[in-house]
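# Structural description and commentary
Given next are the chains, with one letter for each unit.
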Amino acid sequence: MISLVLFAIAGILVGGVIQLVKSGATRFSIGLTGVMAALATAGGLAWWPMGDA
């Protein structure tokens, strides 16, 4: 369940990165949002159920 939430957050953040690039935002804000998206994706993969249930 938590992996699904983290993947949803990652998707929202990736959309945010796209909009920041289109609007000409600073590299820092684009990079920070991209790093948060990557961390949310990594967290989603880390909590992915391994099929033991």
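Anyway, here's the lowdown on the structure attached to this text. Residue indices follow the written sequence of each chain, beginning from 1 at its first position. Given that this is a predicted model, residues contribute local features only at a pLDDT of at least 70 and side-chain atom pairs are listed and counted only at 80 or more, while totals for whole chains, interfaces and linings are drawn from all residues. The basis for every side-chain value is the complete set of non-hydrogen atoms in the structure, without hydrogens or water.

So, about helix 1 (residues 2–23). Spanning 22 residues, helix 1 covers 31 Å between terminal C-alpha atoms, matching the ideal 32 Å at 1.5 Å per step. Summary of the burial criterion: residues with accessible area below 20% of their type's maximum are buried, those above 50% are exposed, and those between are partly exposed, where the area comes from a 1.4 Å probe applied to protein chains only. Helix and strand assignments come from DSSP, with helices taken as H or I runs of at least 4 residues and strands as E runs of at least 2, each series counted from the N terminus. Taken residue by residue, helix 1 has Ser3, Leu6, Ala10, Leu13 and Val17 as its buried positions. Seen end-on, helix 1 carries its buried residues on one side only, within an arc spanning 80°. Facing away from the buried side of helix 1, by more than 90 degrees, are the exposed residues Leu4, Ile12, Lys22 and Ser23. On its buried face, helix 1 sits against helix 2 (27–46). Just downstream of helix 1 lies Gly24, where phi reads positive at about 75°. An expected span of 1.5 Å times one less than the residue number is assigned to each helix. The arc refers to the directions leading from the helix axis to the C-beta atoms. Residue contacts follow a heavy-atom distance rule, with two residues in contact if any of their heavy atoms lie within 4.5 Å.

The next thing to look at is the environment of Ala25. Inspection of the secondary structure puts Ala25 in the loop between helix 1 and helix 2. A relative accessible area of 26% means that Ala25 is categorised as partly exposed. Among all residues touching Ala25, those that are not within four sequence positions of it are Leu20 and Ile30.

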